[in-house]
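# Coordinates in review
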Amino acid sequence: MSKEANHTIYEPERTPWGQVFLLVVIVGFVFITATACAPRMIEVDGHRVFNPEYLWYLESEDRDRWQKPGQVIESLELSEGDVIADIGAGGGYFTERFSKRVGKGGHVYAVDVQDIMITLLKNRVNREKLDNVTVIKGRFETPMLPSKSVDTAFFSSVYKEISERIEYMKEVRKSLKREGRVAILEFYKNGIFPGPEYGDRMYQSQVIEELEKAGFLLIQSFDFLPQEYFLVFGIKEDRTVRGPKIHRKSQLLE
Ligand SMILES: C[S@@+](CC[C@H](N)C(=O)[O-])C[C@H]1O[C@@H](n2cnc3c(N)ncnc32)[C@H](O)[C@@H]1O
């Protein structure tokens, strides 16, 4: 209210839209800059691993579109009662789906090396009442799984983060039952974004070579995911029949 030449003028309170707009722009800019600047990978105990700050992306609704989790799980032809190890489970995106798929008679081991992921996994298990899931804090060199207990060891966007991969996969082999399998999903080295930075991606020919050195044999390869290859391996001694013959680099979509 102000007084001018004996008149009293009432001024309505105005929302300072210009300032609100400026504030929104500044907050947005700070958020985007902070997110863009956060490294995708961080160092934990001398190992380069996924930065949990980006977990929101792995849990976003958009992920179902390119990850096709239903089709991934169908392709594995899991049975009720199966035991799955979701290694490098992160926030539990696949853990929860596996838990529902294998049912009460089955079991899921959700393994991760980062404390924050272990906490998030436990929260999810409690929240969603996933009674058939055991959360395991793995070590960088071994998933700490019980011996000969697992039907399928599953790695979604984890394999490339493992430091001594061949030795690690030999450890995984010890945890597998007879006829057990390993399933690996990784981003194409020359694929499109979103996904890890190019330097953090692996050629699938390298994954196949390493798994062979660890005592596995490629038995299936799926190409329905637009951004990732999806390889399934059996234990060499258990399998007499090799899977798809895609061992020459030139035959692989890398
Ligand atoms: C990119 S995230 C993927 C999470 C989850 N698999 C998914 O698809 O949503 C990779 C995860 O692997 C975990 N990780 C990295 N190295 C590992 C290791 N040696 N053993 C177990 N987990 C590991 C990281 O902590 C991180 O949670």
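This structure is a prediction, so every number in the text was calculated from the model and none was measured.

For the protein, the count of helices and strands is 8 helices and 11 strands. Across the 254 residues of the protein, 32% fall into the buried class. Within the protein, contacts between residues at least 6 apart in sequence are counted, and of these 69% link residues at least 24 apart.

This brings us to the pairing of strand β10 (residues 216–222). Relative to strand β11 (residues 228–235), β10 runs antiparallel, the two sharing 6 bridges. Counterpart to Ser221 in the pairing with β11 is Leu231. If you look at the hairpin formed by β10 and β11, you'll find 5 residues sitting between the two strands.

Once that is clear, we can look at the pairing of strand β6 (residues 107–112). Of all the 6 residues making up β6, 6 are buried; the element is thus mostly covered by neighbouring parts of the structure. Here strand β5 (residues 83–87) pairs with β6 via 5 bridges, running parallel. Paired with Val83 across the strands is His107, a residue of β6. In this view, the connection linking β5 to its parallel neighbour β6 by way of helix α5 (residues 93–102) has right-handed handedness. Relative to strand β7 (residues 133–137), β6 runs parallel, the two being bridged by 5 bridges. Along β7, the bridge assignment pairs Val111 with Ile136. Between the parallel pair β6 and β7, the chain is carried across by helix α6 (residues 115–127), and the sense of this crossover is right-handed.

With that settled, the discussion passes to the site of the ligand. Near the ligand there are 21 residues, and of these Phe50, Gly88, Gly90, Ser156 and Glu161 occur at the shortest range. Contributing elements (two or more residues each) for the shell around the ligand: β4 (47–50), α5 and β6. Considered class by class, the residues forming the shell around the ligand number 13 nonpolar, 6 polar and 2 charged.

Mapped onto the elements, Ala89 comes out in the loop between β5 and α5. The sequence separation of Ala89 and Val111 amounts to 22 residues, and the corresponding C-alpha distance is 5.7 Å. Those residues in contact with Ala89 that sit more than four places away from it in its chain are Phe94, Thr95, Ala110, Val111, Asp112, Met117 and Leu121.

Attention now moves to the confidence of the model for the protein. Per-residue pLDDT for the protein has a mean of 87; in total, 80% of the residues score no lower than 70. Across residues 1–5, confidence stays below pLDDT 50; counting only partners more than four residues off in sequence or on other chains, it has 7 contacts.

Criteria and cut-off values
Residues numbered from 1 in each chain as written. Predicted model: local features only at pLDDT ≥ 70, side-chain atom pairs only at ≥ 80, totals over all residues. Helix = DSSP H or I, 4+ residues; strand = E, 2+ residues; numbered from the N terminus. Buried ≥ 20, exposed ≤ 12 C-beta atoms within 10 Å, placed from the backbone. Contact = placed C-beta atoms within 7 Å. Pairing = 2+ DSSP bridges. Right-handed = clockwise from strand over helix to strand, strands pointing away. Near = placed C-beta within 6 Å. Nonpolar A, V, L, I, M, F, W, Y, C, P; charged D, E, K, R; others polar. pLDDT = per-residue confidence, 0-100.

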